[in-house]
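The chain contents come next:
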Amino acid sequence: MAQPATSQVPIVVTKDEWGRILKWTDTNREDPEVIRRREYLKYLNDTSAKMTKNWPNSLENVNKRNEEVRRARIEAAENANSKFYKRYVKRKREEQQRLMYSARDTVFKNKDAPKLLLSAVVESCVLKEREEQIKFDKEFIHKYNAEQKRLNDEDITRRAKEWNDMMDERKKKRFQVNKQHQKELLEQAAEVAERERKQHEEELSMQRQDIINSNKEMKAIKKFETEFKEAEKARIWADNKRSMDELQALRNEMAARDKMDDKLIDVLLRSRCRIEAKRKATEKEIRDEKLRVLDAISKKLESGDAARDAREQASLEKAKKERDAAVDARHKAQEDKEAKHNKEKRDIHEQFLRDQAQKLHDEHNMMHWELMNRFKNQEIYEDYKEQLRLEKERKIKEYRENILAQWKERDERDAREKAETRYFYGALAMQKLRDADNKLLTHAAALLKEARDHGRPTLPIQKAIQRYCSMYRLYPMPDLPASLQEHFQSYAPWDGSKPDRDYREPAPPPPDRGPDAPDDGDDARCGLQDLVKVPQKGGKQEKPAATAVKKAEAPAEDYKRQGPANGLQRRPDQENVVLPPIEAQKIPCRNDDCLCNIKYG
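Residues numbered from 1 in each chain as written. Predicted model: local features only at pLDDT ≥ 70, side-chain atom pairs only at ≥ 80, totals over all residues. Heavy atoms only, no water.

**Structural notes on the packing of aromatic side chains**
Moving on, step 1. Following the criterion strictly, the structure yields six aromatic pairs and no others.
Moving on, step 2. Centroid distance Phe-84 to Tyr-88: 6.3 Å. Interplanar angle 20°. Geometry classified as stacked. Here the residue Phe-84 and the residue Tyr-88 both occupy positions in helix H3 (residues 59–109), the gap between them amounting to four residues, near one helical turn.
Moving on, step 3. Phe-84 sits in the partly exposed class, given a relative accessible area of 48%.
Moving on, step 4. Ring geometry for Tyr-468 versus Tyr-472: centroids 4.6 Å apart, planes at 50°, classification tilted.
Moving on, step 5. Taken together, the ring pairs connect Phe-224, Phe-228, Tyr-381 and Tyr-384 into an aromatic cluster. (Phe/Tyr/Trp six-rings, centres within 6.5 Å; stacked < 30°, edge-to-face > 60°. Helix = DSSP H or I, 4+ residues; strand = E, 2+ residues; numbered from the N terminus. Buried < 20%, exposed > 50% of the residue type's maximum accessible area, 1.4 Å probe, protein only.)

Rendered as structure tokens:
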């Protein structure tokens, strides 16, 4: 198909326009005017930047100062926040320490043994107050005594009633708390037992499921082996039968081909005989026809001259020779054709024989290969069965190892739990009991020292200590008999009636005098507080001398209200009272350093 011719339109431009177009097509060169313009703009920009670099009111410097101020403000705020957070965390930690110390101290002083000591301290104070009362009776009139006694009795009765009410309420609350605690312990024990039972049932179910799965796998493997053996036998039988059928079909095909070849050869020979007879008959007819025609022509030309006869005779001879040459050439071609056909037939037969031999060779190789494949498949199957057996042994071994590991882990867990239980109810419990004993004995020693310093009787406190030591068997065992002492010379009886040498009572945290500190106006009733007069609100604290004078002038004032309500109050003008010596008493104890053997008078 012919392409259409493109239309070309001529363009008429001036020389300047053509030069400008050529200049735009030159990409390797740049316009000098553009270069000068760009360099000039760069120069102006650099000059402007140098000029405005040190200007305080330039946009860049103003933004930089604002950014610095903003960063300084953020940094100052972060520092302030971090300092506030540190102070807050420190204050909270100190408050937590104070609360924990107060809680531990409260728990300690609400136990039976500290209460026993508190009762002894109260008894000592009561004895002290009795002595003060005797002295007070000797100094003042009986009327004031009776009035004061009445007031004191009413106050004591009221306080006793309040105390009894408070103790009743506390007992009720304690009973409720103990009952609730017992209920929670029973619920926790039931929950733990139920959880352990569920875990045991789950473990048994998992083991049962593992056994079921293993049995299923063994059944599946046995079923697979049986089906595989049957399928292999059926396949071998089908292969043998198919080979026999193929061999018989091959033999039948070869016999049929031989018969077909015999028939074809017979047909070919008969057709060749017919063709040869037909050819000979046709040649004879042609020869007779030519002779007849020649005889007719010769008869017609007998009246001609000799020259024409000679020419005709020469033409006839020539025609005869040509006819004989053509017949000979045709005979030779027919012979060549027959020889070629025979050669092709022999070649075809030989090729057929070679193909049959090659086919037999291929079939023999195929049968040999199939036989080798069968042996190879048998070896592979044997290897597969061996691998299955090894895999089964490995799984059984892993399962056994897993069971043994779980058994060992359970024994270790039980042993660890038993060891933890023994440690919790044994060494740890003894350590906690000993810590409690050390704390109580240290507290009792401090109470004894405080009672001596204030001139109060120490016998009730010593009896309380003796009762505690006897109750918890803290006294040392008696000495061994003389017959056994020589055999146990290194025997040293343990004395638990005094604190351990390395025991140090934990110091209380420093008090918080800030506005957020808790109100500790009512001290714990431990009996170790010194007498400090509570300052009146809106006024200054009076000096001790002025206070003593004032108290002497106003004996009717209740001096018991000048201090914490812990049973250890005394008048500010009263000095330490030294009791008259009495007969020394000694509490029987084997240990001479025990607090129970302290002589008092």
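**Thoughts on the side chain of Asn-438**
Moving on, step 1. Position of Asn-438 among the secondary structure elements: in helix H7 (residues 427–453).
Moving on, step 2. For Asn-438, a relative accessible area of 2% translates into the label buried.
Moving on, step 3. Look past the residues within four positions of Asn-438 in its chain and what remains in contact with it is Pro-499, Asp-500 and Tyr-503. (Contact = heavy atoms within 4.5 Å.)

**A few points about H3**
Moving on, step 1. Taking 1.5 Å per residue, 51 residues should reach 75 Å; H3 reaches 74 Å between its end C-alpha atoms and fits that length.
Moving on, step 2. Among the residues of H3, those classed as buried are Asn-61, Arg-98, Asp-105, Phe-108 and Lys-109.
Moving on, step 3. At its buried positions, H3 is contacted by helix H2 (32–52), helix H4 (112–139) and H7. (Expected span 1.5 Å × (residues − 1).)

**Things to note about the nonpolar core**
Moving on, step 1. Among the nonpolar cores identified, the biggest contains 18 residues, and Leu-117, Leu-440, Ile-461 and Ile-465 are the most heavily contacted of them.
Moving on, step 2. For this core, the elements supplying multiple residues, two or more each, are H4, H7 and helix H8 (459–471).
Moving on, step 3. When residues in this core are grouped by element, the largest group, six residues, is from H7.
Moving on, step 4. When sequence neighbours within four positions are dropped, the list of residues in contact with Leu-440 reads Phe-108, Ala-113, Pro-114, Leu-117 and Tyr-468. (Core = buried A, V, L, I, M, F, W, Y, C linked by side-chain atoms within 4.5 Å.)

**Considerations on H8**
Moving on, step 1. Counted at 1.5 Å a residue, the expected span for H8 with its 13 residues is 18 Å, and the 18 Å between its end C-alpha atoms agrees.
Moving on, step 2. By the burial criterion, the buried members of H8 are Pro-460, Ile-461, Gln-462, Ala-464, Ile-465, Tyr-468 and Cys-469.
Moving on, step 3. Along its buried surface, H8 packs onto H4 and H7.
Moving on, step 4. Directly after H8, the chain includes Arg-473, whose backbone phi takes a positive value near 55°.

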